[in-house]
Structures are given as C-alpha cells and as structure tokens.
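# Survey of secondary and tertiary structure
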Protein chains: 2
Amino acid sequence: MAARPTMKDVAKAAGVSLMTVSRVVAGEAGVAPQTAARVEEAIRGLGYQRNDIARNLRRKAQDSRTIGLVVDDLANPFFSALARSVEDEAYRRGFLVLVGSTNDDPRRERDVVSAFSARQVDGLVLVPTGGNRAFFRAQMARGVKVVCVDRPATGLDVDCIAVDNRAGTATAIGHLLDRGHTRIAYLGDRQEIWTQNERFVGYTEAITEAGLEVDPVLIRHGLRGHRQAAAAIGEMMAGPNPPTAFFSGNDLITLGAVEAGACRRFGLVGFDDFVLADKLDPPISVVSQDPAALGRTAAQLLFGRIDGDNAAPRSVVLATRFIDRGSGAMAAGSTPVRGG
Amino acid sequence: MAARPTMKDVAKAAGVSLMTVSRVVAGEAGVAPQTAARVEEAIRGLGYQRNDIARNLRRKAQDSRTIGLVVDDLANPFFSALARSVEDEAYRRGFLVLVGSTNDDPRRERDVVSAFSARQVDGLVLVPTGGNRAFFRAQMARGVKVVCVDRPATGLDVDCIAVDNRAGTATAIGHLLDRGHTRIAYLGDRQEIWTQNERFVGYTEAITEAGLEVDPVLIRHGLRGHRQAAAAIGEMMAGPNPPTAFFSGNDLITLGAVEAGACRRFGLVGFDDFVLADKLDPPISVVSQDPAALGRTAAQLLFGRIDGDNAAPRSVVLATRFIDRGSGAMAAGSTPVRGG
DNA sequence: CGGCCTTCTGTGAACGTTCACAATCCGCGT
DNA sequence: ACGCGGATTGTGAACGTTCACAGAAGGCCG
C-alpha cells in the first residue's frame, strides 16, 4: 500500500539532490564514488525503482521502447508462435510488447491500436483485418511505424512480410494433379481474408494451367472452423460426381477434412502444417509456413524503421515448404474422371 | 515525422485554453456546446490523440490501466490459450496487456517483471518460474498485485489458480489400474516444476493406495520434449519386465509416447489434452484442463485485487476432466504381471 | 440595482523524471 | 594571493496532462 518511493525520497534519504540520484540511477559518470555509494544504499533501503513512464515522458526525443503486436487471435498456434518470436526479438533489444487480438473485427482492431498509440508505442507489428485504412494512415502520420505480417493492409503502403500463398497453393495442387486427381475441391475461409483469396487464386491458376476447368460446385468459401468444413465435405461427397481430392485453405479446415475423411476416402493437402499431422492415418501432406520466421522478420524490419530506416516500404515474401506425407494419393475406391 | 500535436496545439488552434481542451477530451460536462464543437474540430483537424502516458503520470492516484502477463512460453498452445483469455478479460475492462515469456528462466522472469513494474503495471498474471521469491515480495511491497496461475510461487503468499494435478493424475492412474495394468510407468518433465511434482505425487499415491509398489525403474523425471520422452520409452520397453502402460506428465511427453508407440504396444494416458488426440490411432485418453478458464479466473481475481479487494490470498483449484478415448486399454500381446 | 448563484473558462501547481546550465569546491600554476 | 580549469553537485524549467481553485459572464431575486 505504501506509495512508491520516488527520486525525491531517495535524495532525502541520501542527503543529496534529486539530480544526483537521477545521475546514479542512469549510471552516468561524474558522480563521486562515495556519493554514488550513499545513493545506492538509499535506493536499496527504500526499494526504489525508476518510473519509466515519467522518464519516457521527459526525454520525449527518444522512443518509449515499447511496441504493439496486434494479431487475429493469440490463441491460434500460428499467431502465438509468431508472437513469441516478435517478443524474443523485442526482449533482445530491451523493448516491451503490448499485445492484442482483433478477432478479425475492424472495430476491435481500431480500439486496440488506438489504445496502443495513446500509450506512445514506437511501432506496431500488425496482422491487419482489412478495414481501417484511413485510420492507419493517421496513426502513421503521428510517427507510429507499422509493419504488416501474414497479410498486407490493402491500400496501405507499408512494409509487409508474408509467404507466397499462390505459389504454395499451386505446388499443392500440382502435387494432387500429379497423382491423377482431376476433380480437386477448394475449401477456404472467408474470401475477404487476403491469404484465403491468394490461395484461391493460386488454386484457380494451377487448375486452369493444367488445362482443366474450375468447377464452381467444387468451390467453397467462408468456412469458419472445422465443423463447417467437415459439413461442406460431406455435402460434396454426397453430391453427383464428387471430388477425388480436397485442398484446404487453412489448418482448421484441414482438421475438418481429417474428421470427415479419417477413412481415406479422398486425397487431401492442407495449407499450414500442424502438430501430429505426421501421426495421423494417413499422415497429411501440407504446405507449411514458418510463423516464427515471419514474426522474427517482421520485428527486425520494424526495429529497423524505429532506428530510422526511411527507405521505401519493403515487401518480403518468404517461401513455403511442401511436405509430402502421402495424403495426396488417389484413394483406393475412387474413380478419376477427366474434365467435369 | 511531424511531432504529435498536444493539447497546447489544439488549444491554440481552437482559441481556447488548454484546460478546456482537456475537459473536452475527457468528455467532462460543463463545456459550452459551441466551444466543445470548436475544440473537437481542432482535434480532428490536427489529428490529435491524448497522450495516455502523460495522463497516467498526472492522475497518479489512479491506476495505469495496464497489466502484465508473464508466461513460460507464449508459443505453447496451453499458455497462448491462457493468454488470450486474460487479454479478453482485460480488453473488456479497458486494460492493456504487456506480455513476456520467461522460458522458465528466473533471470529472464526478473528482467521482464522488473521492466513491467517500471512501466507501472497495476498487476501481474504470472506463471512463476520458481526463483525470485524475494524479488516478488519487493514488487508487491510497491503495490503491484500478483496472481499466480498454473502453479503457485513457492513461499509467496498470493492468489493462485491451478488445477488439481494430484487428483487428475490419480484418476488417470486409477483408469489404468482398472484396465488391468499393474506396471505403470511415470514420465515427467523436471521435478522442480511444481505441476510435474504434483502429478508425480498423485501417481505415487494412486499406486501405493492400490497396494502396489512404486518401482524406481518405471520412473523418469526431467524429460524435456518429445524426443527425450520417446527415447525413455524405448529404453524401458527394451528392459526386463517392461511396463504395460505409461502415464505422461505433459503434452510434449505424450507426443513422444505417441511417436514411440504408434503400434499400440502399451497403454497410455497423458496429462493435458491436445488437438487431434481423438484422431490418432488409437485415440489418446487424457486428463484435460481448461487453459482459457484458468486465464479468465486469474484475470478476474487480479482485477478484483486491483479494484481494492484486500482479503486474504485465495487459492482456486479448478477440476480436471478425464477423457477416455480408449488408449488406456491393455495392449493385445502384453503380459500383465502382478506386483513388481 | 446590488448581491448571489450558476455556468463556463482560465491559471498555477503538480506528477516523476531529465535537460541545460549555474554554482561550488579544490588544487595548481604564475 | 589570484584566477583558472576540472570535477562534482545543485537549480529551474520542461515533457503533456489533470487537479484545485479562481475569475468572468449572465440571470434572477429581493
């Protein structure tokens, strides 16, 4: 309950001026050793700790040594791995990290970023929701550096780190084509999410380049969560001329596909690797990306900006890695049909 | 690059005093509507945003509306789920969350907590490492509220939310005993970790209460990660009189057990549920705890303290849930042996 | 028409720290 | 003895905001 001691208290206890305490705490040279010792004893005695908030206020020229990290959902392993590597990078530089989840809700994103900015963060690592373009422009005018990760903020000219979603998807589709599949279904989350749209484009391109047609019956967007994904698969498989393979646009959908098809009824390749993918029966082939690398790169870029790098916004594209575990094979009883 | 506008700038632009701006920004009553309108226009024109750091400095009586969350490893799904629910609870109350991982390293824990405290956090949700007892006492003397979660801080008299690790483990062991296992091995992480030790105690009690003896050959502590766990299992199975079932003390170890025994060579029950546990062959039975509930409860307790609750420290114990998926059964070819 | 209350607005100080500069002490050269 | 330079320490202002209070209008009542 006792109020925190301030430099004033320490000064009184040590019988010196407040400024001398400040100097000792800051580790500045030019304080007589005995004086410093006396001050340090007072500090220990009172349990004094510098108030970094007041400090940052005064030395305004400098930064607040805090960054904000805004992700879609911190509980999602992909984002939490990303968050951890951002935090590690910040820790190494003596920065603190404020964290917030948006739930893919532009309003909550606004709230969170606004609160961060009011706390004078030096920069932001952001997984943008898609809205709030003008809002972010205003933030940046105020000097907050922004780096996007996983997806770009549409219409906002900032650094962005993401993987090559199209190429990664094309590889996956190519793999399925190689295994004889010609009716390959696409299952994705909401198409407004940039990554989902990119993957869908990759799918479309790969299919048409192979000389096949994109059959609208085989396309499903807007699948939120594994339940809906499993249901969608059930419907497709029950329909006429069902697909022989599925491409799933994220890990949750892949999970739904696993639920729906534990019995090897179709080929499957998913975007995003996940724990135990290799222990399932069959083991699931995936397009894998490295969230830690994304986070690390984003943080490094952000700190570069904070350190004064004013070059034109950079766009960093990391590669995906296709991991073949066998789930892309043609299922035993399925009948490949050429065309649609 | 332009310096952020301050209330002074807004005041000048609107032709009023700084205090009037402050009133408008704070939404206080008692400002003439026209004046308020003029001020608000100036605010929009300049893109002004209040500096909450300066604000919190002045109204020191109040809190900084920031809490710190310190976990072992944010990338671990258990802790990230916990983190997410803490963050949600904070968001609902208009608090911000500083986050840090300790990596189970007392020094890093100290660094992080110290930096948080220097930033005047109102409270801390903490997954303690085990060291730093005196350090935390000092922090609390400064008025920082601390709530421990997942494990108590030994020798520190604060609120703590955890599950009943002993009872959960005892249930798991009982389940294995019921299925005829008499040689049940224990695989745990470092015994210095409180949860691990509790689980080990639960194991020991359940075994002895069943009239069996605890065979040191079947006990392994200090397994870090799935690799070591798989190796340990390999050794035990290769030895004389091998166990017919394993209890694994955390999810990583369970993973190692899955790797080592995909072919149903032994019974298995793990502590902590994990994604896809039900999709493996065989599906894995687990003692499940709810990290989101842990986080939510911890946050609620912390905010209670921040709001002035001075009651004696509470210890909240949440129940675990045993999920029987079948992996505890006696494997086909194994020979149950009574006694050791 | 004076007094007083109400409504609105402004002033000075303060939060805890650092910056820029001034003051003090000491030794030493001339 | 005088002043000068270096080392050490102190003083006042400032960062951007809010608190406590004071002042300036205007209205209403007796």
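Once that is clear, we can look at the domain arrangement of chain A. Splitting chain A by domain gives domain 1 (7–50), domain 2 (66–157 + 291–319) and domain 3 (165–284). Between the C-alpha centres of domain 1 of chain A and domain 3 of chain A there is a distance of 65 Å.

Time to look at helix α9 (residues 194–209) of chain A. Residue and element names in this part refer to chain A. In this model α9 runs 22 Å from its N-terminal to its C-terminal C-alpha over 16 residues, within 8% of the 22 Å that 1.5 Å per residue would give. Against the buried residues of α9 lie α8 (165–178), β6 (184–187), β7 (219–220), β8 (245–248) and β9 (267–271). Two residues or fewer after α9 comes G211, characterised by a positive phi angle close to 85°.

Looking now at the sheet that holds strand β10 (residues 285–288) of chain A. What links the strands of a sheet is backbone hydrogen bonding, and the strands pair in either a parallel or an antiparallel sense. Residues and elements named next belong to chain A. Read across the open sheet, the six strands follow the order β7-β6-β8-β9-β10-β12; overall the sheet is mixed. Both edges of this open sheet fall to β7 and β12 (321–323), since each of them pairs with a single strand only. Across three bridges, the pairing between β10 and β12 is antiparallel. Bridge pairing in β12 links S288 to R321. Relative to the sheet, α8 contacts β6, β8, β9, β10 and β12, its axis offset from that of β9 by approximately 170°. With respect to the sheet, α9 is in contact with β6, β7, β8 and β9, its orientation differing from that of β6 by roughly 170°.

Between chain A and chain B, which share one sequence, the superposing operator has a rotation angle of 180° and an axial displacement of 0.1 Å; the RMSD is 0.1 Å. These values place the two chain copies in the arrangement generated by a two-fold rotation axis. Taking the C-alpha atom as reference, chain A places L98 of chain A closest to the rotation axis, 2.2 Å from it. Counting the interface residues of chain A, we find that 100% of their copies in chain B are interface residues as well, pointing to one common contact surface.

This part takes up the packing of aromatic side chains. The geometry of an aromatic ring pair comes down to the distance between the two centres and the angle between the two planes. Summed over the entire model, instances satisfying the criterion amount to 16 aromatic pairs over all chains. Judged by centre distance (4.8 Å) and plane angle (70°), the ring pair of F95 of chain A and F303 of chain A falls under edge-to-face. Of this pair, F95 of chain A sits in the loop between α5 (77–92) and β2 (96–101) while F303 of chain A sits in helix α12 (residues 291–306), and the two are 208 residues apart along the sequence. The exposure class assigned to F95 of chain A is buried, which follows from its relative accessible area of 7%. Given the relative accessible area of 1%, F303 of chain A is considered buried. With 5.5 Å between their ring centres and 65° between their planes, F135 of chain B and F136 of chain B make a pair best called edge-to-face. The exposure class assigned to F135 of chain B is buried, which follows from its relative accessible area of 11%. Over the ring of Y91 of chain B we find R108 of chain A; its NZ or CZ atom is 4.1 Å from the centre of that ring. One Lys or Arg, R199 of chain A, reaches over the ring of F271 of chain A and ends 3.7 Å from the middle of that ring.

Thresholds, definitions, all that
- Residues numbered from 1 in each chain as written.
- Chains lettered and ligands numbered in written order.
- Predicted model: local features only at pLDDT ≥ 70, side-chain atom pairs only at ≥ 80, totals over all residues.
- Heavy atoms only, no water.
- Domains from an automatic or database assignment.
- Helix = DSSP H or I, 4+ residues; strand = E, 2+ residues; numbered from the N terminus.
- Expected span 1.5 Å × (residues − 1).
- Contact = heavy atoms within 4.5 Å.
- Pairing = 2+ DSSP bridges.
- Axes fitted to C-alpha atoms, helices over the stretch in contact; angles between N-to-C directions.
- Least-squares fit on C-alpha atoms with pLDDT ≥ 70 in both.
- Phe/Tyr/Trp six-rings, centres within 6.5 Å; stacked < 30°, edge-to-face > 60°.
- Buried < 20%, exposed > 50% of the residue type's maximum accessible area, 1.4 Å probe, protein only.
- Lys NZ or Arg CZ within 6 Å of the ring centre and 35° of its normal.

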